[in-house]
Amino acid sequence: MRQTIVSLSSLIVSIILLVMGNAYLMTLLGLRLSIEEFSASVIGWILAFYSIGFVAGTLYAGRIIEKVGHIRAFAVFAAVLTASILAYPMAIEASLWGALRALGGFVMAGLMIVMESWFSSRADNRNRASLFAIYQIVFFLSTAGGQVLIRVADPSGFIPFSLAAVLVVLALTPLSLTKRESPSITKSDRLSLIRLYRTSPAGTLGALIAGLLISAFYAMGPVFADRIGLDLQQLSNFMASAIVAAMLLAWPIGRVCDRFDRYRVMLVVAVVAGLSSLIAAFISTFSDYSALALLLFVGLYMGLSAAIYPIAVAITNDLMESHQVTAASTALLLSYGVGSIIGPLLSALFMELLGAKGLFISNALVLGGLSLFMLLGPGRDHPEVTQQEHYYTTSPEAGLGLSELDPRYTEFEQSAEAEQPQKQSD
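Overview of the structure.

Rules behind the numbers
Residues numbered from 1 in each chain as written. Predicted model: local features only at pLDDT ≥ 70, side-chain atom pairs only at ≥ 80, totals over all residues. Heavy atoms only, no water. Helix = DSSP H or I, 4+ residues; strand = E, 2+ residues; numbered from the N terminus. Buried < 20%, exposed > 50% of the residue type's maximum accessible area, 1.4 Å probe, protein only. Contact = heavy atoms within 4.5 Å. Areas by Shrake-Rupley, 256 points an atom, 1.4 Å probe, with all protein chains shown as cover. Salt bridge = Lys/Arg side-chain N within 4 Å of Asp/Glu carboxyl O. Axes fitted to C-alpha atoms, helices over the stretch in contact; angles between N-to-C directions. Parallel < 35°, antiparallel > 145°, perpendicular 65-115°, else oblique. Left-handed = near helix turned anticlockwise from the far one by under 90°. Nonpolar A, V, L, I, M, F, W, Y, C, P; charged D, E, K, R; others polar. Phe/Tyr/Trp six-rings, centres within 6.5 Å; stacked < 30°, edge-to-face > 60°. Core = buried A, V, L, I, M, F, W, Y, C linked by side-chain atoms within 4.5 Å.

Details of the overall build of the protein
- Helix and strand counts for the protein stand at 15 helices and 0 strands.
- The burial tally for the protein puts 55% of its 426 residues in the buried class.
- Summarising the internal contacts of the protein: among those between residues at least 6 apart in sequence, 87% fall at separations of at least 24.
- Working note: accessible area of the protein is about 17,800 Å², and carbon and sulfur atoms make up 63% of it.

Shown next, in the form of structure tokens:
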């Protein structure tokens, strides 16, 4: 295992630099738009274009990689992302920034596919679960690290954009120097959202809601922090602590999901996350609010919201035939992507109507809707706890090219292969 980690060290460095630079840029853009006094609705629209581009990238960037190879595709994607980052401070104009966000989302999806497929190529049955856990931890910590960088330079200048561009360019270096052979791109089966919903309504809606909540926080969280008067250091702590909370809560929630009915676990998570969001909104209305209390409830909200997606994946996989699991994961990513487009737009609308607290009020209403659906809606047909597959924590942003690395998918594939000879002998 140690040799595997050492062999992946250059790739891990690339992942850290790229994810940190992209996370830094996402927070920087929301903050800069708020400083420039754009309305919440305009900010929401601009930042939503990133999700539109990212979803398109998950669908089509793989074709570019197939044609030119991993190294060349990575170089092209990184060059385009760097150029787009440097173009932002040239003109503070809504339509330009929206186009740059869409372009950035597309190439970022391509970059993640390249790196994650490379990471997956080092996995075997002995180290798969460990590598999967390491990747998730690296991704979370790198995202949190990007928030810490906000305090480094004045966001109203051009230096922060240059710093983000430097991180992306440096991410190109370790991977470009690797001597490992490029991994192959596996083509996954497709499953429509309608078919997925018919099989797993709760899983499909859960993935969509998770995308909505997480994208709303990443896009509008910096705007919320700026408009309630947090300085750069406080804003940095606000964003980073929420992401670290998501990482810390992942393990205990996973343990609960392995021991109890996951459908009920998602219901409890949605209810508690909704209450935490309401309390955070309430705290922010006071001029002398406690920053510690705000961080606590925002962290609890974010940690629980981030858990909704992996729970939705687990619920869905429990209901799928072995040969459908990879296709279902792709459809869940699409559902998440649709939600991530809606999130900034919905939260921006509520912030326009209700002020900064509208971010968490809208999120609480969405979580309330999910809770009602879980109580009254379809899809309550789920297996007993003893029949549930093992739970693995995952995140959609860190899962575009990890289908071969995820132990859950591998277990299903192995069971399918084991069943095939049996069917033939029958």
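As for the pattern of salt bridges
- The tally for this structure, following the rule as stated, stands at 1 salt bridge.
- Residue Arg32 pairs with Glu36 through a salt bridge whose shortest N-O separation is 3.0 Å.
- In this structure Glu36 comes out as partly exposed when scored by relative accessible area, which is 34%.

A few points about the environment of Leu319
- Topologically, Leu319 is positioned in helix H12 (residues 291-319).
- In this structure, the C-alpha to C-alpha distance between Leu319 and Gly203, residues 116 residues apart in sequence, is 9.7 Å.

Describing the packing of helix H3 (residues 40-68) against helix H4 (residues 70-87)
- At a closest axis distance of 7 Å, the pairing of H3 and H4 adopts a crossing angle of 130°. One finds that H3 runs oblique with respect to H4. Note on packing geometry: the crossing formed by H3 with H4 is right-handed. Where H3 approaches H4, its residues Ala61, Ile64, Ile65 and Val68 are matched on the opposing element by His70, Arg72, Ala73 and Phe77.
- Among the residues making up the contact of H3 with H4, the classes are represented as 6 nonpolar, 1 polar and 1 charged.

Description of the packing of aromatic side chains
- The full count for this structure, using the stated rule, is 11 aromatic pairs.
- When the centroid spacing of 5.7 Å and the interplanar angle of 85° are considered together, the rings of Tyr301 and Phe360 count as edge-to-face. A residue pair is termed long-range when its members are at least 10 positions apart, and Tyr301 in helix H12 and Phe360 in helix H14 (residues 358-376) qualify at 59 residues. Both residues of the pair, Tyr301 and Phe360, count as buried.
- Members of the aromatic cluster, joined through ring pairs, are Phe217, Tyr218, Phe224, Phe238, Tyr301 and Phe360.

Topic: the environment of Glu116
- Structurally, the position occupied by Glu116 is in helix H5 (residues 94-120).
- Residue classification places Glu116 among the buried residues on the basis of a relative accessible area of 0%.
- Residues Glu116 and Ile15 lie 101 residues apart in sequence; the distance between their C-alpha atoms is 8.8 Å.

Let's talk about the packing of helix H9 (residues 201-227) against helix H10 (residues 232-259)
- Viewed as axis vectors pointing N to C, H9 and H10 meet at an angle of 145°, and their least axial separation amounts to 9 Å. The two elements H9 and H10 cross, and the hand of that crossing is right-handed. On H10, the residues touching Phe217, Tyr218, Gly221, Pro222, Phe224, Ala225 and Asp226 of H9 are Leu235, Phe238, Met239, Ala242 and Ile243.
- Tallied by class, residues from the contact of H9 with H10 come to 10 nonpolar, 1 polar and 1 charged.

Comments concerning the side chain of Ser335
- Here Ser335 shows up in helix H13 (residues 325-354).
- Judged by its relative accessible area of 2%, Ser335 is buried.
- Ignoring anything within four residues of it in the chain, the contact list for Ser335 reads Leu193, Thr204, Ala207 and Leu208.

Examining the nonpolar core
- Residues Phe217, Phe238 and Phe360 are the most contacted members of the largest nonpolar core, which totals 127 residues.
- Among the elements that make up this core, the one with the highest residue count is H9 (15 residues).

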